[in-house]
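# Understanding the architecture of this molecule
Chain by chain, the residues run as shown.
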Amino acid sequence: METTETTSTSSTASTPFPNIPPVIESDDREYRDTGVPSTVAIAGHPLHPLSVIFPIAFLAAALGSDFGYWLTRDFFWARASFWLIGLGLASGAIAAMIGLSDFLQIERVRKRQAGWAHLILNVSLLTLSVVNFLLRLGDVEAKILPWGLLLSLIVGTLTSISGWFGAELSYRHKIGVVGAGSRRYP
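Residues numbered from 1 in each chain as written. Predicted model: local features only at pLDDT ≥ 70, side-chain atom pairs only at ≥ 80, totals over all residues. Heavy atoms only, no water.

## Points about the environment of L149
Rule in force here: The secondary structure listing takes helices from DSSP runs of H or I that are at least 4 residues long and strands from runs of E that are at least 2 residues long, numbered from the N terminus. When accessible area is computed with a 1.4 Å probe and restricted to protein chains, residues below 20% of their type maximum are described as buried, those above 50% as exposed, and intermediate ones as partly exposed. Contacts: residue pairs with any heavy atoms within 4.5 Å of one another.
Looking at the element boundaries, L149 is found in helix α7 (residues 144-172). A relative accessible area of 13% means that L149 is categorised as buried. L149 sits 79 residues away from W70 along the chain, and the two C-alpha atoms are 8.2 Å apart. Leave out the neighbours within four places in its chain, and L149 touches L63, D66, F67, W70, R136 and I144.

Printed below as a string of structure tokens:
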């Protein structure tokens, strides 16, 4: 049995980053740069990527529990959603403060459209989460359908889009990574 090995000779195979087009913008100099460390880190490890997992998990779970309520009308799911949104807001506020520190102190973030998109989307999703929480305050069941579920769905969508832009900042523009690059520009 004979096997043949094929190799790619296209020019995209030699690029230093994935062959996925940037959503907004790209600068090859940033990719080749060592990167800009986060302004909030412990032993060089950036805290923003660590802190965002909690609000993402809580708000995604709130969307799931809202769907659970919609399907079963079980009060358990209504109460779970209320607490998950509250925990998402609390942990989101912490992640926002850490991210805002990087945004304000690292000029490279502010020069990138992805940085502004990430900031605006996160402020929007936290604002909508506050509205969703206040909507349920006092009676966790009354406003889930349709407004609570709709707000949770919008927040989930915005979280996914914002996460994409956050990844663009980290992986394409090398912001908030271990490195010794300039906070301004490569």
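## Regarding the packing of aromatic side chains
Rules: In this scheme Phe, Tyr and Trp rings, the latter by its six-membered ring, pair at centre separations within 6.5 Å, and the angle between planes marks the pair as stacked below 30 degrees, edge-to-face above 60, and tilted otherwise.
In the structure shown here, the tally under the stated rule is five aromatic pairs. Centroid distance F76 to W77: 4.9 Å. Interplanar angle 75°. Geometry classified as edge-to-face. Both rings, one in F82 and one in W83, keep their centres 6.1 Å apart while their planes meet at 80°; by these two values the pair is edge-to-face. Aromatic ring contacts, followed pair by pair, group F82, W83 and F133 into a single cluster.

## Focus on helix α6 (residues 113-136)
To keep things clear, this is the line we draw: To estimate the expected span of a helix, subtract one from its residue number and multiply by 1.5 Å.
Compared with the 34 Å implied by 1.5 Å per residue over 24 residues, the 35 Å span of α6 between its first and last C-alpha is a close match. Those residues of α6 not exposed but buried are A114, G115, A117, H118, L121, L125, L126, S129, N132 and R136. Structurally, α6 contributes buried residues whose contacts are with α2 (48-51), α3 (53-72), α4 (75-105), α5 (107-110) and α7. Count one or two residues on from α6 and you reach G138, which has phi positive near 95°.

## Things to note about the confidence of the model for the protein
Let me state the cut-off plainly: A score from 0 to 100, pLDDT tells how confident the predictor is in each residue.
Per-chain confidence: the protein averages 86 in pLDDT, with 79% of residues scoring 70 or above. Considering each helix and strand of the protein separately, the mean pLDDT is smallest for helix α1 (residues 28-32), with a value of 66, and largest for α3, with 98. In the model, residues 1-14 has pLDDT below 50 throughout and makes two contacts with residues more than four positions away in sequence or in other chains.

## Regarding the environment of S129
Within the fold, S129 resides in helix α6. For S129, a relative accessible area of 2% gives the class buried. Sequence separation of S129 and G92 is 37 residues, and the distance between their C-alpha atoms is 9.8 Å. In this structure, S129 is in contact with L59, I85, L89 and V155, ignoring residues within four places of it in sequence.

## Concerning the pattern of salt bridges
For the record, the criterion: We count a salt bridge whenever a side-chain nitrogen from Lys or Arg sits within 4 Å of a carboxyl oxygen from Asp or Glu.
If you walk through the whole model with that rule in mind, you get three salt bridges. The salt bridge involving D66 is made with R136; its shortest N-O contact spans 2.7 Å. Of this pair, D66 sits in helix α3 while R136 sits in helix α6; the two residues are 70 residues apart in sequence, bridging distant segments of the chain. By the burial criterion, D66 is buried, and R136 matches it. A salt bridge links E107 to K111; the shortest N-O distance between them is 3.4 Å.

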